[in-house]
Amino acid sequence: MTKSNLFRLLRIYLWMLLGCIIYALSFAWCYAPSGIAFGGITGVAQIIHHFIPAAPVGVSVIVLNVPLFLLGWKLLGGGTLISSLYAMFLSSVFTDLFCLYDWPPMDEPLMACIFGGVLMGLSLGIVFLQGATTGGTDLIARLLKLKLRWLPMGKLLMAVDLAVILMVAAAFRTLNTALYGIVALYISTLVMDKVLYGLDQSKVAYIVTSNPRPMAAEIDRQLERGATFLYGEGSFTGQNKLVLMCAFKQRQIVPLKALVHQMDPDAFLIVCDAHEVLGQGFRRYQKDDI
């Protein structure tokens, strides 16, 4: 293994460590003290701990994950499973360690939902970005992603976790537990999808101008972004036109608009959000990308 690969591997595992700490903190600080239903295998462990207080949540998570990891070994391969074992073990250990402290419940359960959901989504997003899971339904969602590639991870995880939240509410015999849990789950999926997909957000511009070729050359020179010519026809004039299509980063929107206005004040500019932009200057395709 080269030195650069070693540093890259170390960086990945340090990011997973941070994600696991945030994951455990969200449960011990926000969910457990306020009696909010938690999804996934941790939610099942929450039920076990409710009826058997001597069974720590983290230890129960490790035991319940064994059959899931045996299943995932064949489908995801050794690399993903090893990193997932690492993340699952650390998140479980930190959960039990943080739960040793008697965290007071927040004055407003809704605040616990919001902060718990944000922290949970952030932690899962960090772990997923490193190609791992924290086990449990996270692993189930990762397995489903292999077949349902068009669905975001957050939506898959929300569907799987919802059933567990209802089970936790039934065990605690309170509807508020489920309602707050659903709110926290929804927030966590939004944050997680934002971490996974939103940070790579790009834009695509369609420019109708009387100077298409000079403008394309300036976009390439000033912004280092290529443009594609689309052939169009004006519906009113019937004239043939070259329409510029250009993908660019979010931070380049201001200089692009300034450039277009400077070269052609009468240009027609449409800017749209673009996700999953692959190619030169953007992300590269990776097998089994989430």
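Structure's up top.
*Asks:* Outline the nonpolar core, supporting the account with residue identities and numerical values.
*Replies:* By size, the foremost hydrophobic cluster in this structure holds 28 residues, and its most contacted members are Cys-30, Tyr-31, Phe-38, Val-61, Met-120, Leu-124 and Met-192. When contributions to this core are tallied by element, the ones reaching two or more residues are helix H1 (3-34), helix H2 (40-51), helix H3 (57-76), helix H4 (78-99), helix H5 (109-129) and helix H8 (175-196). Counting residues per element, this core draws most heavily on H5, which supplies 7 residues. For Cys-30, the residues in contact, after removing those within four places along its chain, are Leu-25, Ile-36, Met-106, Ala-112, Phe-115, Gly-116 and Leu-119. Residues Met-215, Ile-219, Cys-246 and Ile-253 belong to the second largest nonpolar core, which totals 14 residues.

*Asks:* Tell me about helix H10 (residues 253-263), residues and numbers included.
*Replies:* Residues of H10 that are buried: Ile-253, Leu-256, Leu-259 and Val-260. Buried residues of H10, viewed axially, fall in a sector of 130°; they line one side. When the buried face of H10 is taken as reference, the exposed residues oriented beyond 90 degrees from it are Val-254, His-261 and Gln-262. Residues of H10 that are buried sit in contact with strand S1 (202-208), helix H9 (212-223), strand S3 (240-249) and strand S4 (268-274).

*Asks:* Lay out the environment of Pro-214 with the relevant residues and their values.
*Replies:* Along the chain, the position of Pro-214 falls in helix H9. Residue class for Pro-214 comes out partly exposed when judged on its relative accessible area of 44%. Separated by 49 residues in sequence, Pro-214 and Met-263 place their C-alpha atoms 8.7 Å apart.

*Asks:* If you had to explain the pattern of salt bridges to someone new, which residues and values would you point to?
*Replies:* Here the idea is simple: oppositely charged side chains can pair when their charged atoms come close. The final tally for this structure, using the stated rule, is 2 salt bridges. A salt bridge links Lys-203 to Asp-273; the nearest nitrogen and oxygen atoms lie 2.3 Å apart. Here the residue Lys-203 occupies a position in strand S1, and Asp-273 occupies one in strand S4, the gap between them amounting to 70 residues. Given the relative accessible area of 47%, Asp-273 is considered partly exposed. The salt bridge partner of Glu-218 is Arg-221, with a shortest N-O separation of 2.9 Å. Taken together, the residues Glu-218 and Arg-221, both in helix H9 and 3 residues apart, mark about one turn of the helix. Judged by relative accessible area, Glu-218 falls into the partly exposed class, the value being 21%.

*Asks:* I'd like a rundown of the pairing of S3, residues and numbers included.
*Replies:* The pairing of S1 with S3 spans 7 bridges and is classified as antiparallel. By the bridge assignment for S3, Ala-205 is matched with Cys-246.

*Asks:* Explain empty space enclosed by the protein residue by residue, including any values.
*Replies:* Per the stated rule, a full pass over the model turns up 2 cavities of 30 Å³ or more. For the second largest cavity, the calculated volume is near 30 Å³. Tyr-23, Thr-42, Val-57, Gly-58, Val-61, Ser-91, Ser-92 and Thr-95 together form the lining of the second largest cavity. Counting only elements with at least two residues in the lining of the second largest cavity, the list comes to H3 and H4.

*Asks:* Tell me about the side chain of Asp-264, and name the residues and values.
*Replies:* Within the secondary structure, Asp-264 sits in the loop between H10 and S4. Every residue in contact with Asp-264, bar those within four places of it in the chain, is listed here: Thr-209, Ser-210, Asn-211 and Met-215.

*Asks:* Tell me what's going on with the sheet that holds S1, and back it up with residues and numbers.
*Replies:* As summarised here, the arrangement of the 4 strands in space is S2-S3-S1-S4, forming an open sheet in which the pairing is antiparallel. The outermost strands of the open sheet, each flanked by one partner alone, are strand S2 (228-233) and S4. Averaged over all pairs of adjacent strands, the angle between strand axes in this sheet comes to 25°, irrespective of strand direction. Relative to S4, S1 runs antiparallel, the two sharing 7 bridges.

*Asks:* Which residues make up H9, and what are the values?
*Replies:* With 12 residues, H9 should cover 16 Å at 1.5 Å per step; its first-to-last C-alpha distance of 16 Å lies within 8% of that length. Residues Pro-212, Met-215, Ala-216, Ile-219 and Leu-223 constitute the buried set of H9. Down the axis, H9 shows its buried residues gathered within 100° of arc, on one side only. Buried positions along H9 lie against S1, S2, S3 and H10. Just beyond H9, the residue with positive phi is Glu-224, at close to 55°.

So, how was this worked out
Residues numbered from 1 in each chain as written. Predicted model: local features only at pLDDT ≥ 70, side-chain atom pairs only at ≥ 80, totals over all residues. Heavy atoms only, no water. Core = buried A, V, L, I, M, F, W, Y, C linked by side-chain atoms within 4.5 Å. Buried < 20%, exposed > 50% of the residue type's maximum accessible area, 1.4 Å probe, protein only. Helix = DSSP H or I, 4+ residues; strand = E, 2+ residues; numbered from the N terminus. Contact = heavy atoms within 4.5 Å. Arc of directions from axis to C-beta. Salt bridge = Lys/Arg side-chain N within 4 Å of Asp/Glu carboxyl O. Pairing = 2+ DSSP bridges. 1 Å grid on protein atoms, 1.4 Å probe; cavity = no way out; pocket = protein on both sides within 12 Å on 5 of 7 lines; lining within 4 Å. Points joined across faces, edges and corners; volume = space filled by probe spheres on them. Axes fitted to C-alpha atoms, helices over the stretch in contact; angles between N-to-C directions. Expected span 1.5 Å × (residues − 1).

Just geometry here; none of it tells us what the structure is for.
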